Amino acid sequence: MNLIHKIKFILRLTRSHNIVRRYFIVNGFDGALTMLGLIMGFIFSRTIELSVILNACLGAAIALGMSGMSSAYVSESAERHRELEQLEDAMMSDLKDSSHGEAARRVPWLVALVNGFAPLIFSLLILMPLFLSIAGVVFPVSPLYIAILIALLLVFLLGVFLGRIAGVSWLRSGIQTLFIATVTATLIYLFTR
Amino acid sequence: MLAVKRIILDVLKPHQPNALEFCQAIANAGTDYRVRLTVLEVDEKTETLQIEVTGNIVDFDVVQSTISDIGGSLHSIDEVEVQNEPDS
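First, a word on what this report is: a plain description of the structure on this page. (Residues numbered from 1 in each chain as written. Chains lettered and ligands numbered in written order. Predicted model: local features only at pLDDT ≥ 70, side-chain atom pairs only at ≥ 80, totals over all residues. Heavy atoms only, no water.)

## Digging into the overall build of chain A
- Scanning chain A from N- to C-terminus turns up six helices and zero strands.
- The secondary structure elements of chain A, listed N-terminal to C-terminal, are α-α-α-α-α-α.
- The contacts in chain A between residues at least 6 apart in sequence include a share of 70% that link residues at least 24 apart.
- Each charge sign in chain A was given a centre, from 15 positive and 11 negative side chains, and these centres are 13 Å apart. (Helix = DSSP H or I, 4+ residues; strand = E, 2+ residues; numbered from the N terminus. Contact = heavy atoms within 4.5 Å. Lys, Arg positive; Asp, Glu negative; His and termini not counted. Charge placed at Lys NZ, Arg CZ, Asp CG, Glu CD.)

The structure is reproduced here in structure tokens:
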């Protein structure tokens, strides 16, 4: 069984598709909004160097990734352990060496990776203009504004993804999440000026 | 040589993997296995199955370990068909 089939099998076995998807959206959204907030805060601070902004944002992105990974692992591990025990009681047999036991050990790692990498990848995408600018690429506007645009675009795309899952209008769902990001940006503007 | 041609087993399994995947996994344990699975009873977390495996030479140990690998529990062997074949 190749890796993709194996992952699909254990997700189906534990019915964890929804959990993984939910973690991806929730923490991806977290990552995008955190970066949006940080970058807007730096824009209003005006005189800070780009490398300092990048380091601060990168630090936050790594912390979000680690926090997502460890919290998801701890909670999922406990949930899976409990579910396996309940199944063992119903089956009246030890399932630790079965595919259920294997799934109970691997699903927490899988969920933790998704939960950790979602905010990290979203953050890195948003920070891309800052990396490029420091590497010497010249943009027509400040890379911070481009980063904000990317953050808004990613938030919109998450909404589109949610809309497709729910089977409702992707445009409406995208605009809804974009509205949340706009409210966040407005609050940051009001409180950090 | 004594060759097991057919076995009927009473098995308890969780709802997942489903009957089709369970059946496929057992059929995959041999090169010419034919598997017939009947769900006898469905409980809150488990299903009781009757599984009939036929083949030229059915390896019971392999069938049993496949069942445990995918989370099933063998309760009893209900029917067996064995043939004494002359060694070639």
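Picking up where we left off.
## Quick word on the overall build of chain B
- Summing up its helical and strand segments, chain B has two helices and four strands in all.
- Reading the secondary structure of chain B in the N-to-C direction produces β-α-β-β-α-β.
- A globule of 88 residues ought to have a C-alpha radius of gyration of about 12 Å, and chain B, at 13 Å, matches this closely.
- When its C-alpha atoms are laid out on the principal axes, chain B stretches across 50 × 20 × 15 Å.
- Looking at chain B as a whole, 40% of its 88 residues qualify as buried.
- Put simply, of all contacts in chain B between residues at least 6 apart along the chain, 73% involve residues at least 24 apart.
- On chain B, the mean spot of the 6 positive side-chain charges and the mean spot of the 16 negative ones are 6 Å from each other. (Rg over C-alpha atoms; globule rule 2.2 N^0.38 Å. Buried < 20%, exposed > 50% of the residue type's maximum accessible area, 1.4 Å probe, protein only.)

## Regarding helix α3 (residues 50-91) of chain A
- Over its 42 residues, α3 of chain A extends 60 Å from the first C-alpha to the last, a length consistent with the 62 Å expected when each residue adds 1.5 Å.
- Once α3 of chain A finishes, Met-92 of chain A follows within two positions and takes phi at roughly 55°, a positive value. (Expected span 1.5 Å × (residues − 1).)

## Re unusual backbone geometry
- With an omega of -5°, the peptide bond running from Gln-16 of chain B to Pro-17 of chain B counts as cis.
- Summarising the element assignment, Pro-17 of chain B is placed in the loop between β1 (2-14) and α1 (19-27).
- One non-glycine residue, Arg-15 of chain A, lies in positive phi territory at about 50°.
- Structurally, Arg-15 of chain A can be placed in the loop between α1 (3-13) and α2 (17-45).
- One non-glycine residue, Met-92 of chain A, lies in the positive phi region at around 55°.
- In this fold, Met-92 of chain A is placed in the loop between α3 and α4 (99-134).
- Look at Met-92 of chain A and you get exposed, because its relative accessible area is 71%.

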